[in-house]
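The residues making up each chain are set out below.
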Amino acid sequence: MFEKKDFLAIDDYSAEELHAILDLAKEQKPLARAHKLPHTHENRVLACVFAKPSLRTRVSFEVGFQQLGGNTLFITDKEIGMGTRESVYDVAKVMSRFCDGIMIRWFDHGEVLELAEHATVPVINGLTDLSHPCQVMADILTVEEHLGSIEGKTVVMVGDGNNLANSWLNASIVFPFNFVLACPEGYMPDEGIMQKAEAKGASFMVTHDAKEAVEGAHVIYSDAFYSMGQEEEAVKRRADFAPFQITTDLLSTADKEHIVLHCLPAHRGEEITDEVMDGPHSVVFDEAENRMHAQRAILAKLVK
């Protein structure tokens, strides 16, 4: 078991600890596919709390924990009213009495930190407006499966300086790879996370030139130009991000063995073309499957 009980940000953990999670995911994956994964967590219950809908987060966490022999609960924000009907402190204390772990997909990152502070069971960040660490762990697993190791690779995210960009920055603090964000002006990552990455000596840069960014890149990463809660900004964002669409032409100068990732859901024809999404360099569905394998390994390490 790890010393820390929660999984809130990638750089909360050492490289050794994160590699242990990734190694376990690689070990479990063929067993899970063959329906031969040992039930190490029988009679354990994972609460899955959602303020945002999701295909991959819900299904991957629920199926992954059930593959370990555990049970899951699907709970919406309307049911618990955390921070409105009931204080975060009280929710943390009550849920800790009922469940063995809490996965939460929420808006307010501060409320998730508060939940983890007061809960006595592990809290796993399934996504907040600030970060998306489980997705990036699945992404790194995918990179290592296809390219051997993330060490020394150049990962280029083309698009918004959003929660995914923040988590890639966190990852660059721990893992020895180069991270490049190509974004429009005005869509920068979190300033505090950038300052932390710089102070820790991470290898990263931000540019506003997508063509320059992808030259020689090993991994090209795409995400939607707008996410849940940003629908009113969709028209402006489409215009601002138009030069940052992932196309075959844009990828022509990337490394010959490059892979293309997209966290999904994809707005095909906006941030990425069908030709790229379904092309020979795309591994987006391997990446989607790896959400389950990476997260199951996190749960196996943290939930007692």
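Scroll up to find the structure.
Positions within a chain are numbered from 1, following the residues in the order the chain's sequence is written. Since the coordinates come from a predicted model, pLDDT governs what is reported: local features require at least 70, and pairs of side-chain atoms require 80 or more to be given and counted, while whole-chain, interface and lining totals use all residues. Hydrogens are left out, water is left out, and the side-chain values use all remaining heavy atoms of the structure.

### A short note on the sheet that holds strand E6 (residues 178-182)
Formally: Paired strands are those between which DSSP finds at least two bridges. Secondary structure elements follow DSSP: runs of H or I no shorter than four residues count as helices, runs of E no shorter than two count as strands, and numbering proceeds from the N terminus. Here, axes are lines fitted to C-alpha atoms. For helices the fit covers the stretch in contact, and angles between N-to-C directions go from 0 to 180 degrees. Two residues form a contact once any of their heavy atoms are found within 4.5 Å.
On the basis of which strands lie adjacent, the open sheet formed by five strands has the order E7-E6-E5-E8-E9 and parallel pairing. Each of the sheet's edge strands pairs with one partner strand only, and the pair in question is strand E7 (203-207) and strand E9 (259-262). Across this sheet, the average inter-strand angle for adjacent strands is 20 degrees, counted without regard to direction. Strand direction decides the pairing type here: E6 and E7, joined by five bridges, are parallel. The residue of E7 that forms the bridge with Asn178 is Ser203. In the packing of helix H7 (residues 163-174) onto the sheet, contacts are made with strand E5 (154-158), E6, E7 and strand E8 (219-222), and the angle to E6 comes to roughly 160 degrees.

### Side note on the sheet that holds strand E4 (residues 123-127)
One key point about sheets: their strands pair by backbone hydrogen bonds, in either a parallel or an antiparallel sense. In space, the four strands of this open sheet follow the order E2-E1-E3-E4, with parallel pairing throughout. Edge strands, defined here as strands with exactly one partner in the open sheet, are strand E2 (71-76) and E4. Neighbour-to-neighbour, the strand axes of this sheet turn through a mean angle of 20 degrees, independent of strand direction.

### Some details on the packing of aromatic side chains
What counts, and what does not: Here is the rule: rings of Phe, Tyr and Trp (six-membered ring for Trp) pair when centre to centre is within 6.5 Å. Planes less than 30 degrees apart are stacked, more than 60 are edge-to-face, and the remainder are tilted. Relative accessibility decides the category of a residue: with a 1.4 Å probe and only protein chains considered, values under 20% of the type maximum give buried, values over 50% give exposed, and everything between is partly exposed. A ring has a charge above it when a Lys NZ or an Arg CZ is no more than 6 Å from the ring centre and no more than 35 degrees off the ring normal.
Applying the stated criterion across every chain, the model contains eight aromatic pairs. Here Phe241 and Phe244 contribute two aromatic rings whose centre-to-centre distance is 6.5 Å and whose plane-to-plane angle is 70 degrees, an arrangement assigned as edge-to-face. You can call Phe241 buried: its relative accessible area is 0%. Grouping aromatic residues by their ring pairs yields a cluster made of Trp168, Phe177, Phe179 and Tyr221. Positioned above the aromatic ring of Phe74, the side-chain terminus of Arg58 is 3.7 Å from the ring centre.

### Some words on the packing of helix H6 (residues 133-147) against helix H12 (residues 284-302)
If you want to describe how two helices pack, look at the angle between their axes and the distance between the axes. Rules: Here the angle decides the label: under 35 degrees means roughly parallel, over 145 means roughly antiparallel, 65 to 115 means roughly perpendicular, and every other value means oblique. Working rule for handedness: look at the near helix, and if it is turned counterclockwise from the far one by less than a right angle, call the crossing left-handed; if clockwise, right-handed. Ten residue types, Ala, Val, Leu, Ile, Met, Phe, Trp, Tyr, Cys and Pro, are classed as nonpolar, four, Asp, Glu, Lys and Arg, as charged, and the remainder, Gly among them, as polar.
It is at 8 Å that the axes of H6 and H12 come closest, and there the two elements cross at 115 degrees. In terms of axis orientation, H6 runs roughly perpendicular to H12. Helix-helix and strand crossings are classified by hand; for H6 and H12 the assignment is right-handed. Of the residues in H12, those touching H6 at Cys134, Gln135, Met137, Ala138, Asp139, Leu141, Thr142, Glu145 and His146 are Asp286, Glu287, Asn290, Arg291, His293, Ala294, Gln295 and Ile298. A breakdown of the residues in the contact of H6 with H12 according to their chemical character gives six nonpolar, six polar and five charged.

### Here's the deal with helix H10 (residues 234-241)
Quick reminder of the rule: Arc definition: it is the arc formed by the directions from the helix axis to the C-beta atoms.
Every buried residue of H10 is accounted for by Ala234, Arg237 and Phe241. Taken around the axis of H10, the buried residues stretch over an arc of 65 degrees, which confines them to a single face. Structural note: H10 exposes Val235, Lys236 and Ala239 on the side pointing more than 90 degrees away from its buried face.

### Points about the nonpolar core
What counts here: Definition of nonpolar core: a set of buried residues of the types Ala, Val, Leu, Ile, Met, Phe, Trp, Tyr and Cys, connected through side-chain atoms within 4.5 Å.
If you look at the biggest cluster of nonpolar residues, it comprises 58 residues, and the most contacted ones within it are Phe7, Leu18, Ile124, Trp168 and Phe175. Other than its neighbours up to four places away in sequence, Ile124 contacts Phe7, Phe61, Ile102, Met103, Ile104, Cys134, Ile298, Leu299 and Leu302. Core analysis: the next-biggest nonpolar cluster, separate from the first, contains 21 residues, Val88, Cys99, Ile104 and Leu115 among them.

### Here's the deal with unusual backbone geometry
Following Leu264, the chain continues into Pro265 via a peptide bond in cis, with omega recorded as 5 degrees. Even without being a glycine, His35 presents a positive backbone phi close to 60 degrees. One non-glycine residue, Leu127, adopts positive backbone phi at about 150 degrees. As for its placement among the helices and strands, Leu127 is situated in strand E4.

### A few points about the pairing of E5
Short version of the rule: Call a crossover right-handed when, viewed with both strands pointing away from you, the route from the first strand across the helix to the second goes clockwise.
Most of E5 is tucked away, with five of its five residues classed as buried. Once the chain exits E5 it traverses H7 before rejoining the sheet at E6, and the crossover so formed is right-handed. One ladder, built from four bridges, connects E5 with E8; its direction is parallel. Paired with Val155 across the two strands is Val219, which belongs to E8.

### Quick word on the environment of Gln245
Selection rule: Identification of polar contacts relies on pairs of N or O atoms within 3.5 Å, with a donor-acceptor requirement for protein atoms, meaning one able to donate a hydrogen and the other able to accept it, and with residues adjacent in sequence counted only if both atoms are side-chain atoms.
Relative to the elements of secondary structure, Gln245 occurs in the loop between H10 and E9. Each C-alpha atom, one on Gln245 and one on Ala119, is 42 Å from the other, the two residues being 126 residues apart in sequence. There is a polar contact of 2.9 Å between the side chain of Gln245 and the backbone oxygen of Glu270.

These results come straight from atomic positions and should not be treated as a statement about function.
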